[in-house]
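Fold and contact review
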Amino acid sequence: MQTIGRFAPSPSGRMHLGNVLCALLAYLSARRQNGQLLLRIEDLDAMRCPRSFADLILDDLRWLGLDWDGEVPYQSERSDIYAQYEAVLRDKGLLYPCFCSRAALHAASAPHLSDGRVLYAGTCRDLTPEQIAEKRKTRASATRVRVPDEVVCFTDAVWGEYAENLADECGDFIIRRSDGVFAYQLAVVVDDALTGVNEVVRGADLISSTPQQIWLHRLFGFEPPRFAHIPLLCDHDGRRLSKRDEDLDLGLLRERFTPEQVIGALACAAGLIDRPEPVAARELVSTFDWSKVPRHDLHLPDIFR
């Protein structure tokens, strides 16, 4: 079976070096296996993700020499498709309205997991029809899906064996927000499955969401993809890079460096080459191997100081 990977950025800002590292590793893994690399724009929240940022992402990837295959779908244009799969879950009796506010979910009494996520306490899971009707008079509801008491396991290309109990470590999760926008968990599963993606490369901060997505894949009758959750890139003070802080975005980098300098520095940080020498992405394909990528956070090379 041909490998079909993907890079799926959210255009909420200009790409930073951490995003570029993810794009690079997704590209190298797919090309090393003589596979395809798809590009998808995850702009579910169109208000936060203007098309101008998406255009910059495409331009930056071309500048870096990271090409992709096929057309570029935009999630903001696929709501009708997501609604079809929401209906599948509803027909299975797995959905219920949730009226909890963000503040309520993060209250001190709410159970928190080790990574800071809030485990939903099931506050709205068993509301009666009368209670639901009353609450809808004053507040719009999100939509949650009931998860079973089930352990989901998978083997990650970087981290090895990973497992979570859906009920105890994930909890019922939102598939549609109260403003009607479909949630990432549903959209990403549907899009990966319908486009034939069988390899997902993304940041290690998303590994805890993977069991939920694997469960959804199986529930819809899809074969889950393989996963590789890459270590996160940190600045020289150990802080993880963020679009919110405009950390070394491509707008600044393109004024100071060549594409080969950026690729070479990131390849060195990821353990792919010994020194941060300029190199084109395509030159790294033949020697790429996931065993070279470490299991700890990576630090910015000195070239970016």
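Now for a description of the structure that goes with this document. Since the model is a prediction, treat every value here as computed from it, not as a measurement. (Residues numbered from 1 in each chain as written. Predicted model: local features only at pLDDT ≥ 70, side-chain atom pairs only at ≥ 80, totals over all residues. Heavy atoms only, no water.)

As for the overall build of the protein
Per the secondary structure count, the protein includes 10 helices and 11 strands. The C-alpha radius of gyration of the protein comes to 20 Å, within 12% of the 19 Å expected for a compact globule of 305 residues. In terms of principal-axis extent, the alpha carbons of the protein reach across some 65 × 40 × 35 Å. The buried share of the protein, reckoned over its 305 residues, is 53%. Contacts spanning at least 24 positions in sequence make up 77% of the contacts within the protein whose residues lie at least 6 apart. Counting every atom, the protein has about 14500 Å² of accessible surface; 48% of that belongs to carbon and sulfur. Between the centroid of the 36 positive side chains of the protein and the centroid of its 45 negative side chains there is a distance of 3 Å. (Helix = DSSP H or I, 4+ residues; strand = E, 2+ residues; numbered from the N terminus. Rg over C-alpha atoms; globule rule 2.2 N^0.38 Å. Buried < 20%, exposed > 50% of the residue type's maximum accessible area, 1.4 Å probe, protein only. Contact = heavy atoms within 4.5 Å. Areas by Shrake-Rupley, 256 points an atom, 1.4 Å probe, with all protein chains shown as cover. Lys, Arg positive; Asp, Glu negative; His and termini not counted. Charge placed at Lys NZ, Arg CZ, Asp CG, Glu CD.)

So, the pattern of salt bridges
Throughout the structure, instances matching the rule amount to 20 salt bridges. With a shortest N-O distance of 2.8 Å, Asp 60 and Arg 14 are connected by a salt bridge. In this pair, Asp 60 is assigned in helix H2 (residues 51-64) and Arg 14 in the loop between strand S1 (4-7) and helix H1 (17-32), connecting sequence segments 46 residues apart. By relative accessible area, Arg 14 is classed as partly exposed at 21%. A salt bridge links Asp 59 to Arg 254; the nearest nitrogen and oxygen atoms lie 2.8 Å apart. Here the residue Asp 59 occupies a position in helix H2, and Arg 254 occupies one in helix H9 (residues 250-256), the gap between them amounting to 195 residues. Through salt bridges that share partners, Arg 6, Arg 40, Glu 42, Arg 78, Asp 191 and Asp 192 make up one connected network. (Salt bridge = Lys/Arg side-chain N within 4 Å of Asp/Glu carboxyl O.)

A word on the packing of aromatic side chains
Tallying each qualifying case throughout the model produces 9 aromatic pairs. With a centroid separation of 5.1 Å and an interplanar angle of 80 degrees, the aromatic rings of Phe 288 and Trp 290 are classed as edge-to-face. We note that Phe 288, like Trp 290, is buried. The structure contains a cluster of three or more aromatic residues connected by ring pairs, namely Tyr 85, Phe 220 and Phe 222. Lying across the ring of Tyr 74, Arg 51 places its NZ or CZ 3.8 Å from the centre. Lying across the ring of Tyr 120, Arg 144 places its NZ or CZ 3.6 Å from the centre. (Phe/Tyr/Trp six-rings, centres within 6.5 Å; stacked < 30°, edge-to-face > 60°. Lys NZ or Arg CZ within 6 Å of the ring centre and 35° of its normal.)

Some remarks on the nonpolar core
Ranked by size, the top nonpolar core spans 52 residues in total, and within it Leu 17, Leu 61 and Trp 290 carry the most contacts. Among the secondary structure elements, those contributing two or more residues to this core are H1, strand S2 (36-39), H2, strand S9 (226-230), H9 and helix H10 (259-269). Looking at this core element by element, the count peaks at 11 residues for H1. Of all hydrophobic cores here, the second largest spans 32 residues; its members include Leu 38, Val 147, Phe 154 and Cys 170. (Core = buried A, V, L, I, M, F, W, Y, C linked by side-chain atoms within 4.5 Å.)

Some thoughts on the pairing of strand S4 (residues 142-145)
Residues of S4 alternate between two faces, with Ala 142 and Arg 144 on one and Thr 143 and Val 145 on the opposite face, all of them buried. Pairing analysis gives 4 bridges linking strand S3 (residues 95-98) to S4, with the strands arranged antiparallel. For Leu 95, the partnering residue across the bridge sits in S4 and is Val 145. Strand direction decides the pairing type here: S4 and strand S7 (residues 173-176), joined by 3 bridges, are antiparallel. Across the sheet, the residue bridging to Val 145 is Phe 173, located in S7. (Pairing = 2+ DSSP bridges.)

Details of unusual backbone geometry
Glycine aside, negative phi is the norm for most residues, and most peptide bonds take the trans geometry. The residue Asn 34 is not glycine, and still its phi comes out positive at about 55 degrees. Within the fold, Asn 34 resides in the loop between H1 and S2. Exposure remark for Asn 34: the relative accessible area of 67% places this residue in the exposed category.

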